[in-house]
Amino acid sequence: MKGFTLFVFFLAFSAAAFAQFPLGANKDNISQFFDQNVQYASFQDFRTKEGNEAVCYTKTSVLGDYTFYFDHEGACCTYTETYDKRQLNDIIWRMDRRFCRVADREWRDEDNTFRVTLNLRPRKGANFVSITYTLTEPHPVINSGTLAIN
C-alpha cells in the first residue's frame with residue numbers, strides 16, 4: 001500500500017509538470033516523450049473535423065488516454081486526458097492545489113499561459129471524466145504611448 005501511495009504522489013507531481021510540456025510542442029517531441037517515458041497500450045493518428053492533426057495514446061483499453069491536437073503550424077494547442085469518474089474528487093483536489101481556480105470547473109496557471117477545463121460528461125453515459133489543457137490566446141499588443149479617451 002505504501003508503494004501505491006508513493007506512486008500516486010509522484011504521478012500527481014509528474015502530471016503537473018507534464019501539463020506544461022506538450023502545449024506548444026510538435027508531434028515528434030510528444031511522440032519521443034511517450035516512447036521514452038510512458039507505457040501505453042495503443043496509439044492512434046487521425047485528423048479532426050477541421051482538418052488538423054491529432055494523436056491519441058491510450059494506456060488501457062477503456063481509460064487513461066492522452067489526446068493531443070495540433071494547429072496548422074504543427075504545434076500542440078490543446079490536449080485532453082481522461083480519468084475514471086471515481087477519481088473525480090482527487091482530480092479536483094490536485095487541480096485546486098496546482099492551478100488557480102477561476103470557475104466551477106476551470107483553472108488557469110499562474111502565468112495565464114493555459115487554462116484547464118474539467119468536463120464531467122464528455123459523452124452521454126460515459127464512465128469517465130476528461131481534463132482539457134488549452135493554450136490561452138495571446139492578448140493583442142497595445143501601444144503604450146496611446147491614451148484612451150472616453
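Above this note sits the structure.
Notes on the structure in this doc start here.

Rules used throughout
- Residues numbered from 1 in each chain as written.
- Predicted model: local features only at pLDDT ≥ 70, side-chain atom pairs only at ≥ 80, totals over all residues.
- Heavy atoms only, no water.
- Core = buried A, V, L, I, M, F, W, Y, C linked by side-chain atoms within 4.5 Å.
- Buried < 20%, exposed > 50% of the residue type's maximum accessible area, 1.4 Å probe, protein only.
- Helix = DSSP H or I, 4+ residues; strand = E, 2+ residues; numbered from the N terminus.
- Contact = heavy atoms within 4.5 Å.
- Pairing = 2+ DSSP bridges.
- Axes fitted to C-alpha atoms, helices over the stretch in contact; angles between N-to-C directions.

1. Notes on the nonpolar core
- One finds Ile30, Phe68, Met95, Val116, Ile131 and Tyr133 to be the most contacted residues of the largest nonpolar core, which totals 23 residues.
- Among the secondary structure elements, those contributing two or more residues to this core are helix H2 (27-37), strand E2 (53-58), strand E3 (65-70), strand E4 (76-84), helix H3 (88-98), strand E7 (114-119) and strand E8 (128-135).
- The residues contacting Met95, other than those within four sequence positions of it, are Trp107, Val116, Ile131 and Tyr133.

2. Notes on the sheet that holds strand E6 (residues 106-108)
- Pairing in this open sheet of eight strands is antiparallel, and the strands run E1-E2-E3-E4-E8-E7-E6-E5 from one edge to the other. Since the sheet does not close on itself, it has two edges, and those belong to strand E1 (42-47) and strand E5 (100-103), each with one partner. With strand direction ignored, the average angle separating the axes of adjacent strands in the sheet is 20°.
- Where E3 and E4 come together, five bridges link them in antiparallel fashion. Considered in E4, the bridge of Tyr66 is made with Glu81.
- Sheet strands touched by H3: E4, E5, E6, E7 and E8. Its angle to E8, the strand with the most contacts, is close to 25°.

3. Here's the deal with the pairing of E3
- Counting buried residues in E3 gives five out of six residues, a clear majority hidden from the surface.
- Where E2 lies against E3, five bridges are found, and the strand directions are antiparallel. Pairing of Tyr57 across the sheet is with Tyr66, part of E3.
- With antiparallel pairing between neighbouring strands as the criterion, E3 and E4 make up a hairpin whose turn holds five residues, including Gly74 at a positive phi of roughly 90°.

4. What about unusual backbone geometry?
- For Asn112, which is not glycine, the phi dihedral falls at a positive 60°.
- For Asn112, the location among the structural elements is in the loop between E6 and E7.
- Take Asn112: its relative accessible area is 31%, and that puts it in the partly exposed class.

5. With respect to the environment of Gly24
- With respect to the helices and strands, the residue Gly24 is situated in the loop between helix H1 (2-20) and H2.
- Take Gly24: its relative accessible area is 45%, and that puts it in the partly exposed class.
- Spatially, the C-alpha atoms of Gly24 and Asp71 are 9.4 Å apart, while their sequence positions differ by 47 residues.
- Filtering out sequence-adjacent residues up to four positions away, Gly24 remains in contact with Ala75, Cys76 and Leu135.

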